[in-house]
Amino acid sequence: MQDVIKINQEDNAAVALRPIAKGETLVIGDVTVTALEEIPQGHKVALKPIGAGEEVVKYGYRIGFAKEDIPQGGWIHVHNLKTALGDLLTYEYEPVRGDMAKGEPAVFQGYRRSDGRAGVRNELWIIPTVGCVNSIAKALEKDGQKLIGGSLEEVVAFPHPYGCSQMGDDQEYTRTVLADMIHHPNAGGVLVLGLGCENSNIPVLKEYIGEYDENRVKFLQCQDVEDEHEAAMALLGELADYAKGFEREPIDAGELVIGMKCGGSDGLSGITANPVVGAFSDILISKGGTTILTEVPEMFGAETILMNRCENEELFHKTVDLINDFKNYFTSHNQTIYENPSPGNKKGGISTLEDKSLGCTQKSGSAPVRGVLSYGEPVKTKGLNLLSAPGNDLVASTALAVSGAQIVLFTTGRGTPFASPVPTVKISSNSALAGKKNNWIDFNAGQMVEDKSKEELAGELFDYVLQVASGRKVKAEEAGFHDMAIFKQGVTL
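Below, the structure is looked at part by part. Note that the structure is a prediction, hence the values are computed from the model and not measured.

A count of helical and extended segments in the chain gives 13 helices and 23 strands. Taking the principal axes of its C-alpha atoms as reference, the chain extends roughly 75 × 45 × 40 Å. Looking at the chain as a whole, 58% of its 493 residues qualify as buried. Surface accessibility of the chain: about 19100 Å² in total, with carbon and sulfur atoms responsible for 48%. Measuring between centres, the 46 positive side-chain charges of the chain sit 3 Å from its 67 negative side-chain charges.

Looking at the secondary structure, you find glycine 131 in the loop between β12 (123–128) and α1 (134–144). In this structure, the C-alpha to C-alpha distance between glycine 131 and histidine 160, residues 29 residues apart in sequence, is 5.4 Å. Once you skip the residues sitting within four places of it in the chain, glycine 131 turns out to touch His160, Pro161 and Tyr162.

An order of β6-β7-β9 is seen for the three strands of this open sheet, with the pairing classed as antiparallel. The strands lining the two open edges of the sheet, one partner per strand, are β6 (55–58) and β9 (81–82). Two elements, β6 and strand β7 (residues 61–66), share four bridges in a ladder whose sense is antiparallel. In the sheet register, lysine 58 faces β7, and the bridge partner there is tyrosine 61. Each of β6 and β7 is contacted by helix α9 (residues 353–360), which is oriented at about 165° to β7, the strand it contacts most.

This part takes up the pattern of salt bridges. Scanning the entire structure with this criterion turns up 22 salt bridges. Residue arginine 248 is joined to glutamate 153 by a salt bridge in which the shortest nitrogen-to-oxygen separation is 2.9 Å. Placement of the pair is arginine 248 in the loop between α4 (228–243) and β16 (249–252) and glutamate 153 in the loop between α1 and β13 (154–157), with a sequence separation of 95 residues. Accessibility expressed as a relative area gives 22% for arginine 248, which makes it partly exposed. With its nearest N and O atoms 3.8 Å apart, the salt bridge here joins glutamate 172 to arginine 175. Here glutamate 172 pairs with arginine 175, and both are found in helix α2 (residues 168–183), just three residues apart, close to one helical turn. On the accessibility criterion, glutamate 172 (32% relative accessible area) is partly exposed.

Core analysis: the biggest nonpolar cluster contains 95 residues, and Leu256, Phe300, Ile407, Leu409, Ile427 and Leu461 have the highest contact counts within it. Dropping the residues within four chain positions of it, phenylalanine 300 is found in contact with Leu85, Ile323, Phe326, Lys327, Phe330, Ile337, Tyr338, Leu353, Glu354 and Ser357. Judged by nonpolar contacts, the second largest core, of 22 residues, contains Leu191, Leu193, Met233 and Leu236.

Bringing the packing of aromatic side chains into the picture now. Taken as a whole, this structure holds 16 aromatic pairs when the rule is applied. Ring centres of tryptophan 125 and phenylalanine 158 lie 5.1 Å apart, and the angle between their planes is 75°; this geometry places the pair in the edge-to-face category. Of this pair, tryptophan 125 sits in strand β12 while phenylalanine 158 sits in the loop between β13 and α2, placing them 33 residues apart in sequence. Of the two residues, tryptophan 125 and phenylalanine 158, both sit in the buried class. Pairwise contacts between aromatic rings join Tyr173, Phe300, Phe326, Tyr329, Phe330, Tyr375 and Phe487 into one cluster. When the ring centre of phenylalanine 246 is taken as origin, the NZ or CZ atom of arginine 113, which lies over that ring, is 4.5 Å away. Over the aromatic face of phenylalanine 418 sits the side chain of lysine 426, whose NZ or CZ is 4.9 Å from the ring centroid.

Across the interface, helix α5 (residues 273–286) lies against helix α12 (residues 454–469) with an axial gap of 8 Å and an inter-helix angle of 65°. Of the two possible hands of crossing, α5 and α12 adopt the one that is right-handed. Packed against α5, whose contacting residues are Pro275, Val276, Val277, Ala279, Phe280, Ile283 and Leu284, the element α12 presents Lys454, Leu457, Ala458, Gly459, Leu461, Phe462 and Val465 at the interface. A breakdown of the residues in the contact of α5 with α12 according to their chemical character gives 12 nonpolar, one polar and one charged.

Bridge count between strand β1 (residues 4–5) and strand β2 (residues 13–16): two bridges; the pairing is antiparallel. Bridge assignment links valine 4 to a residue of β2, and that residue is alanine 16. As paired strands, β2 and strand β5 (residues 44–46) are joined by three bridges and run antiparallel to one another. Counterpart to alanine 14 in the pairing with β5 is valine 45.

The four strands are arranged β13-β12-β14-β15 in an open sheet whose pairing can be described as parallel. Looking at the sheet topology across the chains shown, the edges are occupied by β13 and β15 (217–221). Looking at each pair of strands side by side, their axes are set apart by 15° on average, direction ignored. Bridge count for β12 against strand β14 (residues 187–194) is six bridges, and the pairing is parallel.

Our next topic: the environment of valine 379. With respect to the element layout, valine 379 can be found in the loop between β19 (369–373) and β20 (383–387). Remark: the alpha-carbon pair of valine 379 and glutamate 478, spanning 99 residues in sequence, is separated by 28 Å. Once residues lying within four places of it in the same chain are set aside, the contact partners of valine 379 are Val257, Thr290, Ile292, Leu373, Asn385 and Ser403.

Reading guide: rules and limits
Residue numbers here run from 1 along each chain, matching the order of that chain's written sequence. It should be noted that, the model being predicted, local features are given only for residues of pLDDT at least 70 and side-chain atom pairs only at 80 or more, the latter also being counted only at that level, while totals for whole chains, interfaces and linings use all residues. Excluding hydrogens and water, the side-chain figures rest on all heavy atoms present in the structure. Helix and strand assignments come from DSSP, with helices taken as H or I runs of at least 4 residues and strands as E runs of at least 2, each series counted from the N terminus. Relative accessibility under 20% of the residue-type maximum defines a buried residue, over 50% an exposed one, and the middle range a partly exposed one, all with a 1.4 Å probe and only protein chains included. Under the convention used here, a 1.4 Å probe and the Shrake-Rupley method define accessible areas, while residue burial counts only the protein chains that appear. Just so you know, the count uses Lys and Arg for positive and Asp and Glu for negative, and it drops His and the chain ends. To locate a charge, take NZ of a lysine, CZ of an arginine, CG of an aspartate or CD of a glutamate. What makes two residues a contact is simply this: any of their non-hydrogen atoms within 4.5 Å. Pairing between strands requires that DSSP locate at least two bridges from one strand to the other. Interaxial angle, 0 to 180 degrees, is taken between N-to-C directions of lines fitted to C-alpha atoms, where a helix line uses only the stretch in contact. By salt bridge we mean one thing: a side-chain nitrogen of Lys or Arg within 4 Å of a carboxyl oxygen of Asp or Glu. Here, the term nonpolar core denotes a set of buried Ala, Val, Leu, Ile, Met, Phe, Trp, Tyr and Cys residues that are joined through side-chain atoms within 4.5 Å. Here a Phe, Tyr or Trp ring, Trp counted by its six-membered ring, pairs with any other such ring whose centre lies within 6.5 Å, and the pair is stacked when the planes are under 30 degrees apart, edge-to-face when over 60, and tilted otherwise. Both a distance and an angle decide whether a charge sits over a ring: NZ of Lys or CZ of Arg must be within 6 Å of the ring centre and within 35 degrees of the ring normal. Each crossing gets its handedness from the near helix: less than a right angle anticlockwise from the far helix is left-handed, clockwise is right-handed. Gly is put with the polar residues, along with every residue not named as nonpolar or charged; the nonpolar set is Ala, Val, Leu, Ile, Met, Phe, Trp, Tyr, Cys and Pro, and the charged set is Asp, Glu, Lys and Arg.

Here you go:
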């Protein structure tokens with residue numbers, strides 16, 4: 001196992017792959033460095049003297065300016081490094097072309113829906129239109145477990161606190177997300193559970209849903225019936241009978257849509273887990289598939305890499321708007337744009353937002369950007385897509401699902417147990433986490449600094465995703481976790 005890694009030949013900072021003791025001698029390429037202090041795992045060490053005000057370079061890009069003189073062998077972190085980012089910026093399109101070779105076909109065992117879309121799960125979803133009926137939805141989920149059997153895999157309720165007392169875009173987001181959830185191909189049947197007096201009531205929501213299969217989607221307004229539980233269970237029974245008519249069948253991997261997200265990142269996330277996911281993304285796209293990258297605030301500082309990979313100038317301008325709209329969102333609420341990374345990120349070795357963002361965008365691989373999506377917008381274009389959503393783990397992962405992701409890949413250096421509406425694969429950046437939290441972690445990318453290459457792990461991850469798409473449960477599913485979080489934007493009446 002390596003002691004430290006210099007990611008790019010232009011870097012003046014290397015990353016410790018294990019805790020480095022004060023006084024240890026480190027050989028990094030043709031440079032020999034003596035650690036002047038203890039360097040925690042995932043943290044940075046100076047490869048040469050860096051003067052106050054000079055750039056600190058990692059991944060081949062600036063991650064900030066030195067706040068003071070940093071000697072060779074010195075620990076580089078928040079105490080002596082500050083962000084170099086400003087507010088709104090002006091960008092120029094400088095396209096970087098990258099052709100993707102066509103890969104060999106692959107298949108998974110999925111469910112073909114009546115609208116032609118492919119699902120990787122066959123579940124009954126109970127979707128409340130308003131938070132007032134959440135308890136009823138959860139009671140139905142519990143009682144609905146007796147319906148599971150045959151090809152019907154789960155009965156799941158998705159409670160949320162919204163659907164009423166909302167205005168403007170805030171209300172539009174809720175309606176759009178609920179409509180997208182209703183159409184999601186992982187659901188073999190959907191019960192839409194309303195109250196009756198809410199802003200986003202069933203008649204209003206139907207305008208957002210549009211055309212639907214009446215055998216697959218049923219509606220119940222609780223104020224209209226004497227016993228809402230009894231009436232709902234009768235509808236769930238009908239939906240269960242319909243869903244059990246679906247069986248898994250071979251489907252080309254080019255129909256997979258995979259969301260990509262990171263959280264609880266550490267100093268190894270941008271070295272192991274995120275690059276492995278990026279290489280996975282390239283594999284899937286080479287086979288005609290689709291990936292979606294989100295958490296826009298964690299693109300700040302690395303956005304030009306994505307902008308210049310846009311397939312055309314129109315997508316470039318959409319990406320500029322994607323970035324600047326989120327910055328304006330922060331400033332309109334009187335918040336600092338660069339209030340990031342989190343305390344956990346810093347403890348893991350991430351010092352500035354540029355440091356975090358350059359690691360985060362490793363998940364995008366090398367494919368050209370072929371689509372830019374607004375929040376709640378379904379994916380339409382195969383290949384790499386960028387999605388407008390915040391960095392919050394639950395909100396962003398839900399956003400990936402509602403845009404069409406059948407599975408979400410979630411990289412982490414510190415671990416998290418949460419789920420999303422779709423199977424959420426937890427990928428650890430280090431082997432210690434994979435060993436300690438085996439009940440959370442599905443795939444260990446930490447092997448990349450031990451005995452496996454990025455390409456080898458990406459291939460293994462691709463095979464694992466095909467297994468998940470074919471029915472293998474991830475750890476969060478085994479624990480019975482299913483979460484949904486809608487992006488709150490606006491006042492509450």
